Number of protein chains: 2
Amino acid sequence: MATYKIELIVKPKAGVRDPQGEAVDGAVKGLEVKGVKVHQVGRYLSMDVDARSTDEAKRIVDDLCKRLLVNPNLETYTARVEGA
Amino acid sequence: MATYKIELIVKPKAGVRDPQGEAVDGAVKGLEVKGVKVHQVGRYLSMDVDARSTDEAKRIVDDLCKRLLVNPNLETYTARVEGA
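Since the model is a prediction, treat every value here as computed from it, not as a measurement. (Residues numbered from 1 in each chain as written. Chains lettered and ligands numbered in written order. Predicted model: local features only at pLDDT ≥ 70, side-chain atom pairs only at ≥ 80, totals over all residues. Heavy atoms only, no water.)

## Observations concerning the overall build of chain A
Selection criterion: A run of DSSP states H or I qualifies as a helix once it reaches four residues; a run of E qualifies as a strand once it reaches two. Both are numbered from the N-terminal end. The contact rule is simple, with two residues in contact once any of their heavy atoms fall within 4.5 Å.
The number of helices and strands found in chain A is two helices and three strands. Its helices and strands taken in sequence order, chain A reads β-α-β-α-β from the N to the C terminus. Summarising its shape, the C-alpha atoms of chain A cover approximately 50 × 25 × 15 Å along the three principal directions. Within chain A, contacts between residues at least 6 apart in sequence are counted, and of these 73% link residues at least 24 apart.

Structure (structure tokens):
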């Protein structure tokens, strides 16, 4: 059993309106900063997962995303296992 | 001039209370999932930045973080340049 450090990023699905992203992009434009386009704003979670392998750690995270952390109608996610 | 894809992660500073992280960790425990500890919840932003080099892109993002995106009293950030 090892402890895996996971970074989870949850962001709006492609095609779903992202009002937070639009608001931040508008605020950047308001600063008169040129050449910057903010596309998406999402959530970041860091967690430790006890598992026997990277694959098992990913399965645990997938299960948590389905049951709790992600709304699959509007959001998509990527989980990075540190050092994997 | 090139366009750099930046992923920015803003999270609570070490030692600052993270009620969002605590709430999510509590919800995970409520599912009776064992061996998972949620540490931090933060924000994720993806953006395109026009710049002459990776270094210039990072400077533009640092400037934006200082002026708008990050509260340095409570938060810390990391910017990843895609492909760098």
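## With respect to the interface of chain A and chain B
Heads up, the condition is: Two parts lose some accessible area (1.4 Å probe) when they are put together, and adding that loss for both gives the buried area. We define a salt bridge as a side-chain nitrogen of Lys or Arg found within 4 Å of a carboxyl oxygen belonging to Asp or Glu. Definition of a polar contact: a pair of N or O atoms within 3.5 Å, with one able to donate and the other able to accept a hydrogen when the atoms are protein atoms, and with sequence-neighbouring residues admitted only if both atoms are side-chain atoms. Gly falls in the polar group here, along with every residue not listed as nonpolar (Ala, Val, Leu, Ile, Met, Phe, Trp, Tyr, Cys, Pro) or charged (Asp, Glu, Lys, Arg).
If you look at the interface, chain A gives 30 residues, while chain B gives 30 residues. Surface buried jointly by chain A and chain B totals about 2700 Å² across both partners, of which 61% is contributed by carbon and sulfur atoms. There are two salt bridges connecting chain A and chain B. Note that Glu7(A) is salt-bridged to Arg80(B), the shortest N-O span being 2.7 Å. Taken together, chain A and chain B are joined by 16 residue pairs in polar contact (both at pLDDT 80 or more). Those elements that provide at least two residues to the side of chain A that touches chain B are strand 1 (2–12), helix 1 (19–30), strand 2 (36–51) and helix 2 (54–69) of chain A. The leading source of residues in the side of chain A that touches chain B is strand 2 of chain A, at 15 residues. Split into classes, the residues belonging to the side of chain A that touches chain B amount to 17 nonpolar, five polar and eight charged.

## Topic: the pattern of salt bridges
Side chains bearing opposite charge may pair, as long as their charged atoms lie close to each other. Scanning the model with the defined rule gives 16 salt bridges over all chains in all. The shortest N-O distance in the salt bridge between Asp25(B) and Lys37(B) comes to 3.1 Å. Residue Asp25(B) is found in helix 1 (residues 19–30), and its partner Lys37(B) is found in strand 2 (residues 36–51); the two are separated by 12 residues along the sequence. Residues joined by salt bridges that share partners form a network here, namely Asp25(A), Lys29(A) and Lys37(A).

## Details of the relation of the copies chain A and chain B
Note the threshold: For the least-squares superposition of copies, only C-alpha atoms count, and only for residues with pLDDT at least 70 in both.
Note on the copies: chain A fits chain B at an RMSD of 0.0 Å, the axial shift is 0.0 Å, and the rotation between them is 180°. Accordingly, the operation relating the two chain copies is best matched by a two-fold axis. Residues of chain A ranked by C-alpha distance from the rotation axis are headed by Arg43(A), positioned 2.3 Å from it. A symmetric contact is evident, with 100% of the interface residues of chain A recurring at the interface of chain B.

## Side note on the layout of surface pockets
Cut-off, in case you're wondering: Here a cavity denotes grid points, spaced 1 Å and computed from the protein atoms alone, that fit a 1.4 Å probe unable to get out, and a pocket denotes an open set having protein on both sides within 12 Å along at least 5 of 7 lines; residues with an atom within 4 Å of a point are the lining. Grid points are joined across faces, edges and corners, and a volume is the space filled by probe spheres set on the points.
Roughly 220 Å³ of volume is contained in the largest pocket. Breaking the lining of the largest pocket down by element, the ones donating at least two residues are strand 1, helix 1 and strand 2 of chain A together with strand 2 of chain B. Looking at the lining of the largest pocket residue by residue, the classes come out as seven nonpolar, four polar and six charged. A volume near 160 Å³ is recorded for the second largest pocket. Lining the second largest pocket are 13 residues, and of these Pro12(B), Gln20(B), Val41(B), Arg43(B) and Glu75(B) lie nearest its centre.

## Regarding helix 1 of chain B
Counted only if it meets this: A helix is expected to span 1.5 Å multiplied by its residue count minus one. Each residue's exposure class comes from its accessible area (1.4 Å probe, protein chains only) as a fraction of the maximum for that residue type: buried when under 20%, exposed when over 50%, partly exposed otherwise. In this context, the arc is that of the directions from the helix axis out to the C-beta atoms.
The terminal C-alpha atoms of helix 1 of chain B lie 16 Å apart, and with 12 residues this matches the ideal 16 Å at 1.5 Å per residue to within 8%. Of all the residues in helix 1 of chain B, the buried ones are Gly21(B), Val24(B), Asp25(B) and Val28(B). Buried residues of helix 1 of chain B, viewed axially, fall in a sector of 100°; they line one side. In helix 1 of chain B, the exposed positions angled more than 90 degrees off the buried face are occupied by Pro19(B) and Gly30(B). Looking at the packing, one finds that the buried side of helix 1 of chain B touches strand 2 and helix 2 of chain A together with strand 2 of chain B. Two residues or fewer after helix 1 of chain B comes Glu32(B), characterised by a positive phi angle close to 60°.

So, to be careful, I would describe these as geometric facts and stop short of saying anything about function.
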